[in-house]
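# Descriptive structure summary
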Amino acid sequence: MRLNTLHDLVQKKAASTDSDRTAVSFDTCTASGVLTLSYKELLAASNELTNLLRGFSLHNEHLIGLFCYPEVNLPVWVLGILQLPSPYLPLNPEAPSTHTVRIIHQCKLTNCVVQNELVQEFQAHVSSHFALEICSQWPAQNLTLVRIHRKPSPEPHDNRDMKSESKAAQRARSSLVKTSTSITDDPDSLAYVLCTSGTTGQPKIVRVPHCCIVPNIMHLRDLFGVTADDVVFLASPLTFDPSVVEMFLALCSGAQLLIVPPAIKRMPGRLARVLFHQHKTTILQATPTLLGRFGRRVLQQEVMSADSSLRILALGGEACPSPAVLRSWRQEGNRTCIFNLYGTTEVSCWATYHTVTEADLLQSSTDSVPLGEPLMGTRLEVRDGEGQMVSEGEGQIFIGGQDRVCLLDEEETVVPGTMRPTGDWVTVQGAQLFYLGRKDHLVKRHGQQLHLDSVQQAVENLTEVEACAVALCEGDKLVAFIVPSPVHAAPGAASSNAHSIGFDSDGGGGGDGDGRGSSSVGLKRGIQRRLSHLLPSHAIPDCLVLLPSLPLTSHGKVALGELKEVYKRYRERLGSHKDRLSADTLKERLLILWKEALGLPEDVSVEAGANFLLSGGDSLQALRFCDSISVATGTSSAGLLEVVLDGSYADILRHVTMAPFPKELELEAQVALKRRYDDDDDAAATVAAGAHSPVPPKRPIEDPSMTGTSTRPVGVVAVAADSGIGGHVVRRAGEVLRIGGRSHATESKGLNGNEGGGRSPKNSQTKKSLTPKLNPQTAILNTTLKDNDNLQSSHIFRPSMKTKDLIVPTAVAETSHLATTVKDNDNPQPSHISTPFMNTAVSDSQEGTTTTSMTTVPQLSLRVRWSSDTGRCVDASPVLLVETVPSGRSRATVFTGSHSHRLQALELTSGEVRWERVLGDRLESSAAVAVSACGTLVVVGCYDGLVYFLHADSGETWWTFETRNAVKSSPTVDPVSGLVIVGSHDAHVYALNPQEKSLVWKRHCGGGAVFSSPCLHPTLRLLYAATLQGHLLCLHPETGATVWTRSRGVPFFSSPRCSNGAVFIGSVDGNVCAFSHTGDMLWQCTTAGPVFSSPCLVPSSIPPTSNQTLVCGSHDGCVYSLSCADGSVRWKFQTGGKVYSSPFAFRPLHPGGHHYQTLVAVASTDGTVWVLNAEDGSVCASLSLPGELFSSPVVWGQTLVIGCRNDYVYCLELAEFGQGTVMDCSAQT
């Protein structure tokens, strides 16, 4: 009897297999360990699910969606659906919601089973397009059955369109799973439905009958010699058809199917240990890219070592690596058998196989491995461009067979034996086929696959376009050559030469000044704006060229070669206009390019302070904008990308115009500079006297709901001079530094402890007297990292019930009686802090330590205690100076700067202004506090290129140091030498001696402005700095000597953070990276957006210290909790905006020194301040402020301080929710 279905294969094998044998193993890679199902349990659970589904009248005319992550029940879910019988449609929870909605629409999906913990996420994906009905929830299966109802279309013309369709098309739309009896007549019904990825062409819906895929499974089972002793790894996602082969290859052979969480698949080293050390995997099917990520060392020593457990390595999905590469992956003595598999999803799954022999591996005359022979039931043909069969030479490969036929998109019937074109070209040499690649328009751009035909189709679908051709010109410039539709064509375009009509470099149509320019510019701006809504960023053309017609070859095809020559001449022509430019014309052109790059309407005004990224741009749009500027000016401006990414519109204009008009701009700059310094000398006195100031005045707070705001005078408010003050400095990203008391101010003769104030701190006694007594738990939150084999699985928390001031979590996760040890008096409690709420923990005192058993996480509320008007946006992060004065009392001061040029010193408890200074330009740098013999100083960088040293008690200037460009980097203070270290946009890092008012050293960072703040490891004596050209430098803090440098080629806006084992930093390409202190890359974790946020280290609540984590934000709107050991995602939390700010970790304090579980404060650009549980990312509290938030929060006592873009600094009070009891959050570890 022939087995016709996938579930038949499993059921028959299970009947002849020991029912207690393990069928499925799911290694959670957490403390939960490995979850397993025996064959007996697998069949029982799948039968139960089938019966549950049948109870809702689901049968073989229904397509069942499956929205899930892989886990131990995955084969249960698949078999339960197949046994109805019904095909399953896998939906990827990580795919964009638009992708999921499109598949549901195309497949007319009406029923979907959803993993229980993903129900809310599924609703978020599709609820805007469909009405969802929760039919039933099955805890034993961890599934929820959801019925999908289509919402009525708001557009009445849709009905008319449906009526105009052919009857055949309407029948196809009515049921995508009903097909011709010649293909799917029972029992050869459909097995599954997939949507192709589109990497080899347009995405397609593929419906796969059992009769098409079963021969694949049976042949490969025999070919690989699979037995019950094998362990088969599920390497492919469920949405990729090789997953079907992997799953059923194991289950129809009585073997074991191994599943791991998706996060582990992204960690090559961890994955290798799980596969080959812990589970002794014997069969691995993977793409060459996935395998290559292991790295040559791991491949040789673990994957394909001499004693590797791996019997079978099947490579497919991409071109097979060359024999030389395969040789380099194998250790001498390795016996793994390698197969090259080839196939397409359209004829699911594999079509050919080739066993790579030792002779193949030793082959030096070719770089290719043959595609090999057809698999069971498969037929191959090679045809040339005319459709003729090829027996020798090049041609396109076609795949088919009597039963090897799938249905594509809306096909209702397919003739058995149909041969499908693949788009792949091969060369026929004797009896062998060798893969050449795709000869169509599939390219890789900005790291993403891009099909030029899809871009062309998107452009041609616009009403403004008559015809279009898309090509890559001059390397990687994506150019769309457009023939406008007659209605939109510029006047005179029809009679113009094709070589003279192009990008309107001067705002006119070819520069003729006849009025055509505004028409063509407006047309192209409209096209770019519409394409930005239709295409991903990497697919939007860099340039649009308008032509009266497309040039053709003698065969009637578009002459792409001639079009590229047109583009080349157009670039040369634009360069020739450079000398005719005026400053005004250049300003007009830049404004046009800005709006085009961002897709803004023509009538929108652009403020001088507008930032490209904050106006909606991204890094790829910035690259296109820079290229357009270079084309328009005819010059390539060094450092332009950095200015675009980090500067304002006015900064870009100045940068661009400085090259063509240096004398004019230099004169303006000198006049402005003189005026600025003349004004700055008396700035404080002018403000205090109430005289006219160019700085905008403060405004009263506009939101009446924000209570507790007091009106304060503007001016300098002096307090008593510093006198032996000690305490703490609290900065963004959870940095808490202890500063010395009276002895540090009085015992030091000079900054370095000698009479002459020498620069070389070599005397050990001097170091002892000058070094602040850093608390190792609070200073920089350092711990020692070790291998962490106890990873927690990834999950996402999303906020639900939102009130005006508080987002209440739907559930606050209970902790598992974690224990933590806290030293007494590590953080003295400020006197102004109210009594915390009652301790609910059970404690035991032992030799000065307190062990607390934590059973709950506090639910908090946030409310505004006070706010202070700064006059302009506050992007700088506040800094707190918590001082213990000689009387024993504590006082705390908030220092923060704003775009209004103001630096304010505010009393933390009341918000009263202690003093205020108006500096030379905008302040975005967060301040630092330095304590030395010259007193306590506040150090801050400014846009005017100066680093200001101000007395903390009065705001009076002690010293200013001038760099050669804006200073947006926040200074750091070396507690050993007392040096203040800061970066500048002039690409240097400076080490400054405030006592001697001198420069100790400066270091050029290899190119690129230094935006991020330097980070010092105080015990290892290593200093880290990063640049906007992607350089990460490790320097000696006392000499500036370079220890090592690493370059990633993408800008670093994020600031590095150190632990004892590594340095961590985020980058614009969306990665959070970890480097060892010797410069080796340890790991990287990829987010879905640029990372400007600086990592915040969170110490482990329980031993070992290798459980330490870091928290970081991303432009994708998520806050990520990552393992410091290997970068695995412990949890991520979705906010309502982008996350520029750096998180701040803290632990609320009980009376008597007992601590609650660690919390994390973070802000998102939608104006929300979040307080999250550091263990699982659940929401403890939230508050919405009336403005965007780019500033980072800092926490001390019961207060959280943050700057807002509505011009205010806010102090928020943390209290226990429902009781109003104020919490003590002074302890930051």
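Residues numbered from 1 in each chain as written. Predicted model: local features only at pLDDT ≥ 70, side-chain atom pairs only at ≥ 80, totals over all residues. Heavy atoms only, no water.

### Looking at the overall build of the chain
Scanning the chain for helices and strands turns up 27 helices and 64 strands. Burial analysis of the chain (1229 residues in total) assigns 59% to the buried set. Pairs at least 24 apart in sequence give 62% of the contacts found in the chain among residues at least 6 apart. When the accessible surface of the chain is totalled, it reaches about 47,500 Å², and 50% of it is carbon and sulfur. (Helix = DSSP H or I, 4+ residues; strand = E, 2+ residues; numbered from the N terminus. Buried < 20%, exposed > 50% of the residue type's maximum accessible area, 1.4 Å probe, protein only. Contact = heavy atoms within 4.5 Å. Areas by Shrake-Rupley, 256 points an atom, 1.4 Å probe, with all protein chains shown as cover.)

### Some thoughts on the sheet that holds strand β59 (residues 1159-1163)
Spatial ordering of the open sheet is given by β58-β59-β60-β61, a layout of 4 strands whose pairing is antiparallel. At either end of the open sheet lies a strand with only one pairing partner, and these are β58 (1144-1146) and β61 (1179-1184). When strand polarity is set aside, the average angle formed by the axes of neighbouring strands in this sheet is 15 degrees. Where β58 and β59 come together, 3 bridges link them in antiparallel fashion. In the strand pairing of β59, Phe1144 is matched with Ala1161. (Pairing = 2+ DSSP bridges. Axes fitted to C-alpha atoms, helices over the stretch in contact; angles between N-to-C directions.)

### Side note on the nonpolar core
Counting 69 residues, the largest nonpolar core has Leu6, Leu53, Leu74, Val113, Ile213 and Phe248 as the members making the most contacts within it. If sequence neighbours within four positions are ignored, Leu6 has contacts with Leu82, Ala191, His210, Ile213, Val214, Ile217, Val244 and Phe248. Among the nonpolar cores identified, the runner-up in size contains 39 residues, and Val894, Ala1161, Cys1204 and Tyr1210 belong to it. (Core = buried A, V, L, I, M, F, W, Y, C linked by side-chain atoms within 4.5 Å.)

### Considerations on the sheet that holds strand β48 (residues 1031-1035)
Ordered in space as β46-β47-β48-β49, the 4 strands form an open sheet in which the pairing is antiparallel. Among the strands making up the open sheet, the edge pair consists of β46 (1015-1017) and β49 (1042-1047). Each strand of the sheet is rotated relative to its neighbour by a mean of 15 degrees, with strand direction disregarded. Alignment of β46 against strand β47 (residues 1022-1026), held across 3 bridges, turns out to be antiparallel. For His1017, the partnering residue across the bridge sits in β47 and is Leu1022.

### Some points on the packing of aromatic side chains
Using the criterion set out here, one finds 21 aromatic pairs in the structure. Considering the side-chain rings of Tyr1024 and Trp1044, the 5.8 Å spacing of their centres and the 55 degrees angle between planes classify their relative orientation as tilted. A residue pair is termed long-range when its members are at least 10 positions apart, and Tyr1024 in strand β47 and Trp1044 in strand β49 qualify at 20 residues. Side by side, Tyr1024 and Trp1044 carry an identical accessibility label, which is buried. Ring pairs connect the aromatic residues Phe1011, Phe1053, Phe1092, Tyr1140 and Phe1190, which therefore count as one cluster. Directly above the ring of Tyr943 sits Arg922, whose terminal nitrogen or CZ lies 4.6 Å from the centroid. (Phe/Tyr/Trp six-rings, centres within 6.5 Å; stacked < 30°, edge-to-face > 60°. Lys NZ or Arg CZ within 6 Å of the ring centre and 35° of its normal.)

### Things to note about helix α5 (residues 119-126)
Considered for burial, the residues of α5 that qualify are Val119, Glu121, Phe122, His125 and Val126. Each buried residue of α5 lies within a common arc of 160 degrees when the element is viewed along its axis, so the set occupies one face. (Arc of directions from axis to C-beta.)

### Remarks on the packing of helix α2 (residues 39-54) against helix α3 (residues 74-82)
To characterise two packed helices, one gives the angle between the axes of the helices and the distance between these axes. The interhelical angle for the contact between α2 and α3, taken along N-to-C directions, is 50 degrees, at an axis separation of 8 Å. Taken together, the axis directions place α2 and α3 in an arrangement best described as oblique. In this structure, the crossing between α2 and α3 has a hand that is right-handed. Taken together, the residues of α3 that come into contact with α2 (itself represented by Leu42, Ala45, Ser46, Leu49, Thr50 and Leu53) are Pro75, Val76, Trp77, Leu79, Gly80 and Ile81. Taken together, the residues of the contact of α2 with α3 break down into 9 nonpolar, 3 polar and no charged. (Parallel < 35°, antiparallel > 145°, perpendicular 65-115°, else oblique. Left-handed = near helix turned anticlockwise from the far one by under 90°. Nonpolar A, V, L, I, M, F, W, Y, C, P; charged D, E, K, R; others polar.)

### Focus: the environment of Tyr1024
On the basis of relative accessibility, which here comes to 0%, the residue Tyr1024 falls in the buried class. When the C-alpha atoms of Tyr1024 and His1077 are compared, they prove to be 9.8 Å apart, with 53 residues separating the residues in sequence. What Tyr1024 contacts, discounting residues up to four positions off in sequence, is Ser1013, Pro1014, Cys1015, Leu1033, Cys1034, Trp1044, Pro1056, Cys1058, Val1063 and His1077.

### A word on the confidence of the model for the chain
Across the chain, the average pLDDT comes to 76, with 71% of residues at or above 70. Confidence drops under pLDDT 50 across residues 155-188; counting only partners more than four residues distant or on other chains, this segment forms 50 contacts. A low-confidence stretch, residues 662-724 stays under pLDDT 50, and its non-local contacts, those more than four residues away or across chains, total 96 contacts. (pLDDT = per-residue confidence, 0-100.)

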